[in-house]
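Residue-level listing of the chains:
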Amino acid sequence: MPATPDASEELRRRLLAETGGEAFFDAAGRGRYATDASAYQLMPLGVFVPRNEDDVAAAIAICRDLKVPIAPRGAGTSEAGQALAAALVIDGSKHLNQILALDAAARTVTVQPGVLLDTLNAHLRPHGLWLPVDIDSSAQATLGGMAGNDAGGARTIGYGSMVHQVLSASAWLSSGELVDFGPVPSLAEGSRGAEIVARLRALVQAHEADIAAHWPKLPRRGGYNLDLFDCRNPRPYSPDRQPNLAHLLVGSEGTLAFLRTLTLRVQPLPAARVLGLIAFKTLAGALEMVQPIAANFAPTAIELLDRSMVEEPTALHTLLVELSGEDRVALKSQLAELEVLLGEMNHHKCLTPVIDDAAKAAVWARRRGALRTLERTQGTARPTAFIDDCSVPLSALPAYAEALGKVLERHGLGKPAWHGHVSLGMLRVRPLLDMRKPGSKGGAALMRKLAEEVSALVRKFGGSFSGEGGDGLARNEWIEWQFGPRLKDAFRAVKNELDPLFLFNPGKIVLPSKMDDPALLRYPPRGAPRAYKVIELKPALDWSAWEQGPESTGTGLASAIEACDGNGTCSSVAEARCPSYRLTLNEQHGVRGRANTLRLAQSGQLDGGLAGAAVHEALDLCVGCRACRSECPNGVDVARLKTEALAQRAAAQAQPSRRDALFAALPEAVHSGLRGWLARLRERSPLLARLGEKHLGLTARRPLPNWRKDSFWHSAAGPFDSLEATLAAAPMAAVLFVDTFNGSFETENALAAARVLKAAGYTLHVARKDGGHHCCGRTALAVGQVAQARERLTALLAALQPAAQAGVAIVGLEPACLLTLREEAPALGLGEPASAVAAQALLFEEFVAREAREGRFRLALRPAGAPLLLHGHCHTKAAGALPPVLDVLRLIPDAAPELVDTACCGMAGGFGHEAEHYETSMRMAEDRLLPALRARPEAIVVADGSSCRQQIVHGAQREALHVARLLERLIAA
């Protein structure tokens, strides 16, 4: 149903006027919803985020009036393009995410469609219950999306897919009617639901012969569930085998109705589980065992694992078999029986039992982590989902795998990493295809050839082209191939009955597009009408580490941006570490949303490129915490990309703002007596603070750091030695890198570090600079002044290089500054000096922990006399350097340090001082950190970051100590 030319503007106006939701109609706002985890991109007409059910009903009415189609969206994690359409995208994940009712005795739960699977299971766990649809994206997948896709996962063989869990649903039709979908006998006579059932019965009766001839008897096979009256799934849809109208909506991909609520059947958590890891020398040997294991042992999972998924692989191929029940002893006995069966089939001594709970969790975690690694992008060639969903009967699996391997080799794609839900007859094969490459060897052409050849195999072996991941854009066109023209027409009749306006999710299941249509691809090839092309620019940072191959091609920045594949790991509410996303739950402020914004900008799809307003707005709340780098399975580093974007924006401006110039010049300013006097005066004068907010953008609501007269640089104190003496004393030696913050605002930290190391017997040197101090350039990088940062860092590296080349540790106190030496210096293209210093750069805690392990650091300490509560700096966490901090605290007698489970403190250098970000900064602190500190008034608070300590003092009125100061206090007399 095409939209009228003026519909978008009228749609935006009416949504804002008639609802309380958020509406996005700008290019960036729409572009962030134009992709999911698939190979496709389809620009929506707009995006609507409803606050409540009334907003949804109003939006449907408005769209019906304006003839604008609707695309329901959950987490946007679909791998076949199910949530993409030239329509109004309605995102229910932000607000329509409530668990409405739980009847633990009846084992039912009613939810809104935006509830995440992990959130529901966390709610159910105390009741001994769970929803056993165990998909890999459980942390971010919404239940509405899972129902729309009939999600299954690794444990489908044991518990079924979503269709087996759905008891009833309430949903809007495109007419605006709110209809109850449930067990057919429960539908009121004369109701709209009963009317739909009557027409469906007639339709099914008219197509009985076609269903008998073309309907695969497999767990999942695409299309609409016309078999709801006579289930052809190996597992009945309902335990009582009663037809249920709600099952028509499951797997319909949002094309028939818009879900309001779902009522689900939940299961008791199994009292016991055991795993068996079975190693095989050949793929055929592994796959031949799937059917006998499934037939003889009632497993709850059978997974084929690639060797990267097994901690200590003893063979190329491994089957993971899970048995569940009430009695662990009985399950262990079944494993013994399984071992006997394996021996009878000439697979001797190949089973490893996994009984311990922690070991079992580690097996599943390793499988999931390796799965993400296998699906990482590799340059412009990407693992592409389209044949990975094909399924065949278990008896045909070995022959299908052999034939599939030959197809891939014939097309030069090599041997895949064989893995997948083999209990469903599926092999998760995702060929590396470069969609940007044109012609017969290009990704789109290969996609077509592979699909045609693999579909012939699927038909030969009696399988289904859609096995578990749904149809979407990737497999839509194969519905007629699968079911035949008459059932294709029957599916259209179902669509006409429930959605005669064709309002919901156009182009899915009915009226499909071609899977390789260049107009639908995220990266259309050269020569296509919308060919993907990266705007040429000179990067400010060195991105060569992201390039593929030994030679630099200048494509590293594009690769770093395009690394995001849309899987949405970053969008899990429970697990997300990005503080701005946790705070807003807005796609714009998540890792995926930012990466998409940058990709659209660098390819000319947003005005201004990387220096444009859309990029600036998307990155505005990024605090540079680097959580994204470890959180994202593809390693998208938004913090560094923000530095690049700031540099491009700075280059496009005539001059920096007053505030940016002030931040960048901080290392010089701390040596200015006049500026120090003004800073101290500002703390005593509310008027001066307000003037600073008005003219410099520095909030008057927060004190500045303590601009001290007795800075480290102006102090004669400090037991420091010459460089020569320090080098001669190695390994009992170190160079102390004193940064701007600890040297100027917290002198006691630098002096404490020196006294602790001296007391432990170390010779210590500090690199000094006439008229100032050496700086890492962090404050300049924070505002995009890369050239200035490079100049400062070059001078610092020159001062530190002699010690680094001699193997003497460079020890720093401030994580943001010390880790600049390890991470930013190489990215600034500073060559061998940067590499040499990076190799020796250690945080104070890392150095002490290392020296203690090697027996050199010996210092008698007194007990602290109070609990120790540690808040870790974001950069320390991202660098994996928190364990050494805890190790050092454990050197204190009787200490049992506790790590506060926090995201960023919200201060982030200058961010918390910026007037427009003060409230956001405090909300970030209140997310976890400040409540945790208030709950433990008796504890000593330890924080290694200067900004963190400022935020704790300001927000909790608590002193926070650097580890060096704590150790100094506790040195035994």
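Residues numbered from 1 in each chain as written. Predicted model: local features only at pLDDT ≥ 70, side-chain atom pairs only at ≥ 80, totals over all residues. Heavy atoms only, no water.

- As recorded in an unreviewed UniProt entry, the protein chain goes by FAD-linked oxidase C-terminal domain-containing protein and comes from Roseateles agri.
- Taken verbatim from the UniProt record of the protein chain, the Cofactor (unreviewed entry) comment is "FAD". (UniProt positions renumbered as here; feature names shortened; annotations may be inferred.)

1. Regarding the overall build of the protein chain
- Tallying secondary structure elements over the protein chain gives 41 helices and 25 strands in all.
- Relative to its length of 973 residues, the protein chain is compact, with a C-alpha radius of gyration of 31 Å against a globular reference of 30 Å.
- Over its C-alpha atoms, taken along the principal directions, the protein chain stretches across nearly 95 × 70 × 60 Å.
- When each of the 973 residues of the protein chain is scored for burial, the buried share is 60%.
- Here the contacts in the protein chain between residues at least 6 apart in sequence split such that 73% fall between residues at least 24 apart.
- When the accessible surface of the protein chain is summed, it comes to about 36700 Å², and 52% of that surface belongs to carbon and sulfur atoms.
- Averaging the coordinates of the 106 positive side-chain charges in the protein chain and doing the same for the 105 negative ones gives two points 3 Å apart. (Helix = DSSP H or I, 4+ residues; strand = E, 2+ residues; numbered from the N terminus. Rg over C-alpha atoms; globule rule 2.2 N^0.38 Å. Buried < 20%, exposed > 50% of the residue type's maximum accessible area, 1.4 Å probe, protein only. Contact = heavy atoms within 4.5 Å. Areas by Shrake-Rupley, 256 points an atom, 1.4 Å probe, with all protein chains shown as cover. Lys, Arg positive; Asp, Glu negative; His and termini not counted. Charge placed at Lys NZ, Arg CZ, Asp CG, Glu CD.)

2. Focus: the side chain of Asn-742
- Along the chain, the position of Asn-742 falls in helix 29 (residues 740-744).
- Residue Asn-742 is classed as buried on the basis of its relative accessible area, which comes to 0%.

3. Side note on the pattern of salt bridges
- Applying the stated rule across the entire model yields 63 salt bridges.
- Two residues, Asp-65 and Arg-14, come together in a salt bridge whose shortest N-O distance is 3.4 Å. Here the residue Asp-65 occupies a position in helix 3 (residues 53-66), and Arg-14 occupies one in helix 1 (residues 7-18), the gap between them amounting to 51 residues.
- Owing to a relative accessible area of 14%, Arg-14 belongs among the buried residues under this scheme.
- For Glu-477, the salt bridge is made with Arg-448, and the minimal N-O distance between the two is 2.8 Å. Here the residue Glu-477 occupies a position in the loop between helix 15 (443-460) and helix 16 (479-483), and Arg-448 occupies one in helix 15, the gap between them amounting to 29 residues. The residues Glu-477 and Arg-448 share a single accessibility class, namely buried.
- When salt bridges with common partners are traced through the structure, they connect Glu-79, Asp-136, Glu-303, Arg-367, Arg-368, Asp-388, Asp-389, Arg-428, Arg-430 and Arg-475 into a single cluster. (Salt bridge = Lys/Arg side-chain N within 4 Å of Asp/Glu carboxyl O.)

4. Quick look at a positive patch on the surface
- Together, Lys-437, Lys-441, Lys-449 and Arg-526 make up a positively charged patch on the protein surface.
- Along the chain, Arg-526 falls in the loop between helix 17 (485-498) and helix 18 (556-562).
- Exposure remark for Arg-526: the relative accessible area of 57% places this residue in the exposed category. (Patch = residues over 30% accessible without salt bridge, like charges linked within 9 Å, V, L, I, M, F, W, Y side chains within 5 Å.)

5. What about the nonpolar core?
- If you look at the biggest cluster of nonpolar residues, it comprises 71 residues, and the most contacted ones within it are Val-636, Leu-641, Phe-737, Leu-793, Leu-797, Leu-800 and Leu-821.
- Among the elements that make up this core, the one with the highest residue count is helix 32 (residues 786-805) (eight residues).
- Those residues in contact with Phe-737 that sit more than four places away from it in its chain are His-774, Cys-776, Leu-796, Ile-810, Val-811, Gly-812, Leu-813, Cys-817, Leu-818 and Leu-821.
- Ile-293, Phe-297, Val-392 and Trp-481 belong to the second largest nonpolar core, which has 65 residues in total. (Core = buried A, V, L, I, M, F, W, Y, C linked by side-chain atoms within 4.5 Å.)

6. Concerning unusual backbone geometry
- For the peptide bond that leads from Ala-730 to Pro-731, omega is 10°, which places it in the cis range.
- The backbone of Asn-505 shows a phi angle near 40°, a positive value even though the residue is not glycine.
- For Asn-505, a relative accessible area of 1% translates into the label buried.

7. Thoughts on the sheet that holds strand 14 (residues 317-325)
- Ordered in space as 13-14-12-15, the four strands form an open sheet in which the pairing is antiparallel. Whereas interior strands pair on both sides, the edge strands pair on one side only; in this sheet they are strand 13 (301-306) and strand 15 (351-354). Mean inter-strand twist for the sheet, computed between neighbouring axes without regard to direction, equals 20°.
- Most of the contacts of helix 11 (residues 290-297) go to strand 14, to which it runs at about 10°, and overall it touches strand 12 (272-280), strand 13 and strand 14. (Pairing = 2+ DSSP bridges. Axes fitted to C-alpha atoms, helices over the stretch in contact; angles between N-to-C directions.)

8. Structural notes on the UniProt feature "domain: FAD-binding PCMH-type" (unreviewed entry) in the protein chain
- The feature "domain: FAD-binding PCMH-type" (unreviewed entry), as annotated in UniProt, sits at residues 40-269 in this numbering.
- Along residues 40-269 the backbone is 26% helical and 19% strand, and the end-to-end C-alpha distance reaches 38 Å.

9. Things to note about the packing of helix 33 (residues 815-827) against helix 34 (residues 831-840)
- Two elements in contact, helix 33 and helix 34, have axes whose closest approach is 8 Å; the angle formed by their N-to-C orientations is 160°. Classed by the angle they form, the pair helix 33 and helix 34 counts as roughly antiparallel. The interaxial crossing formed by helix 33 with helix 34 has left-handed handedness. Between helix 33 and helix 34, the residues in contact are Leu-821, Arg-822, Ala-825 and Pro-826 and Ala-834, Val-837 and Ala-838, respectively.
- Grouping the amino acids of the contact of helix 33 with helix 34 by side-chain chemistry returns six nonpolar, no polar and one charged. (Parallel < 35°, antiparallel > 145°, perpendicular 65-115°, else oblique. Left-handed = near helix turned anticlockwise from the far one by under 90°. Nonpolar A, V, L, I, M, F, W, Y, C, P; charged D, E, K, R; others polar.)

10. Details of the sheet that holds strand 4 (residues 88-91)
- In space, the four strands of this open sheet follow the order 1-2-4-3, with mixed pairing throughout. Unpaired on one side and paired on the other, strand 1 (22-24) and strand 3 (70-73) mark the two borders of the sheet. For this sheet the average axis-to-axis angle between neighbouring strands, irrespective of direction, equals 20°.
- As judged from the three bridges shared by strand 1 and strand 2 (residues 46-49), these two strands associate in the antiparallel manner. Paired with Ala-23 across the strands is Phe-48, a residue of strand 2.
- Helix 3 contacts strand 2, strand 3 and strand 4 of the sheet and is inclined by roughly 155° relative to strand 3.

11. Observations regarding the environment of Pro-863
- You can see Pro-863 is positioned in the loop between helix 35 (844-853) and strand 22 (868-871).
- When the C-alpha positions of Pro-863 and Leu-970 are compared, they lie 7.0 Å apart, and in sequence the two are 107 residues distant.
- When near neighbours in sequence (up to four residues on either side) are disregarded, Pro-863 contacts Ile-892, Pro-893, Asp-894 and Leu-970.

12. Concerning the pairing of strand 18 (residues 733-737)
- Here strand 18 lies mainly inside the structure; five of its five residues are buried.
- Across four bridges, the pairing between strand 18 and strand 19 (residues 763-766) is parallel. Each residue of the ladder has a partner; that of Val-735, found in strand 19, is His-765.
- One ladder, built from four bridges, connects strand 18 with strand 20 (residues 809-812); its direction is parallel. Residue pairing across strands places Phe-737 opposite Gly-812, the latter belonging to strand 20.

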